[in-house]
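Residue-level structure breakdown
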Amino acid sequence: MSYVDYDNQRRQFSFPTDVVTAANHDAQKTLHDALIAAIDDVTLGARDFEEFVGDREEIRPLVAAATASAQVNIEWVVTYTDDVTGAEANVRIPTADITDTTLFAANSNLWDATDAKWVQFVTDFEAYVLSEDGNAVTVQQVAYLQ
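What comes next concerns the included structure. (Residues numbered from 1 in each chain as written. Predicted model: local features only at pLDDT ≥ 70, side-chain atom pairs only at ≥ 80, totals over all residues. Heavy atoms only, no water.)

So, the pattern of salt bridges
Taken as a whole and assessed by the stated rule, the structure comprises seven salt bridges. Close ionic contact of Glu75 with Arg11 constitutes a salt bridge, the shortest N to O distance being 2.9 Å. Here Glu75 is found in strand S5 (residues 75-82), whereas its partner Arg11 is found in strand S2 (residues 10-12), with 64 residues between them in sequence. Of the residues examined, Arg11 reaches a relative accessible area of 29% and is grouped as partly exposed. The salt bridge involving Arg92 is made with Glu75; its shortest N-O contact spans 3.6 Å. Of this pair, Arg92 sits in strand S6 (residues 88-94) while Glu75 sits in strand S5, and the two are 17 residues apart along the sequence. (Salt bridge = Lys/Arg side-chain N within 4 Å of Asp/Glu carboxyl O. Helix = DSSP H or I, 4+ residues; strand = E, 2+ residues; numbered from the N terminus. Buried < 20%, exposed > 50% of the residue type's maximum accessible area, 1.4 Å probe, protein only.)

Following this line, the structure appears as C-alpha cells:
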C-alpha cells in the first residue's frame, strides 16, 4: 500500500499474508480491510494505493494529506516475530500520527500498547499478516522513527 503526505510525497510498504484463493477470498478481504482501517487510525497520510490480490483498490484522484504533520519520513516501525521460528521482521508505515499523544508511552518514542487504537491495530495485524515463512506473527513493539 502507499500513503501520500502533506507535501505530496508517496511512500509504499507491504507485508506478507495468506495467498488469496476462491475459498478464502472473503475472509481474507475482511481481515485486509480491518488492518487497513487500523493503520488509518494511527497515520495521518492520505491513502494513495492499496492492493489486495483479486481486489486491487486505487484511490484516485490523488489528494494530499490534510495536515502538514503528515510526512512520509515520519514512520511507525512495527517489529514482529514469527511465532514458530522466532525470526524478527519489521514494516515501516509512513505518515505516523505523532499529534495523537495517547499513542505514545510517557516520555518515549514507543507505542502505548494499552491504547485502544494500538490494541485494535495489533489484533488486526496479527490476524492478517504472516511471517516470510508463512507462520503467524506476534507484534513486539511499535516505535516512532523520523
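Structural notes on helix H2 (residues 116-128)
With 13 residues, H2 ought to run about 18 Å at 1.5 Å a step, and its terminal C-alpha atoms sit 18 Å apart, in line with that. For H2, the set of buried residues is Trp118, Phe121, Val122, Asp124, Phe125 and Tyr128. As for H2, its buried residues are in contact with helix H1 (25-41), strand S3 (46-52), S5, S6 and strand S7 (137-145). A distance of 2.9 Å separates the backbone nitrogen of Lys117 from a side-chain oxygen at the start of H2, and that oxygen is part of Asp115. (Expected span 1.5 Å × (residues − 1). Contact = heavy atoms within 4.5 Å. Polar contact = N/O pair within 3.5 Å; in protein donor to acceptor, adjacent residues only side chain to side chain.)

A look at unusual backbone geometry
Positive phi, normally seen in glycine, also occurs at Asn8, with a value near 70°. For Asn8, the location among the structural elements is in the loop between strand S1 (2-4) and S2. In this model, Thr95 sits at a positive phi of 60°, which is unusual for a non-glycine residue. You can see Thr95 is positioned in the loop between S6 and H2.

Quick notes on the environment of Ala38
Within the fold, Ala38 resides in helix H1. Residue Ala38 is classed as buried on the basis of its relative accessible area of 3%. C-alpha of Ala38 to C-alpha of Gln120: the two residues are 82 residues apart in sequence and 6.4 Å apart in space. Discounting chain neighbours no more than four positions away, the residues touching Ala38 are Gln120, Phe121 and Asp124.

Concerning the side chain of Thr95
Residue Thr95 is classed as buried on the basis of its relative accessible area of 0%. Those residues in contact with Thr95, other than ones at most four positions away along the chain, are Tyr3, Val4, Asp5, Val42, Thr43, Leu44, Gly45, Ala70, Gln71, Val72 and Ile74.

Points about the packing of aromatic side chains
Ring pairs (aromatic) are described by centroid distance and by the angle formed between their planes. Across all of its chains, the model carries eleven aromatic pairs by this definition. Both rings, one in Phe13 and one in Phe15, keep their centres 6.2 Å apart while their planes meet at 50°; by these two values the pair is tilted. A connected cluster of aromatic rings, assembled from ring pairs, spans Tyr3, Phe13, Phe15, Trp76, Tyr80, Phe104, Trp111, Trp118, Phe121, Phe125, Tyr128 and Tyr144. Above the face of the Phe52 ring, Lys29 is positioned so that its terminal group lies 5.5 Å from the ring centre. (Phe/Tyr/Trp six-rings, centres within 6.5 Å; stacked < 30°, edge-to-face > 60°. Lys NZ or Arg CZ within 6 Å of the ring centre and 35° of its normal.)

Section: the nonpolar core
Counting 30 residues, the largest nonpolar core has Ile39, Trp76, Val78, Phe121 and Phe125 as its most contacted members. Counting residues per element, the ones that place at least two in this core are H1, S5, S6, H2 and S7. Per-element tally for this core: the top contributor is H2, with five residues. Setting aside residues no more than four positions away along its own chain, Ile39 makes contact with Met1, Tyr3, Phe13, Phe15, Ile93 and Phe121. (Core = buried A, V, L, I, M, F, W, Y, C linked by side-chain atoms within 4.5 Å.)

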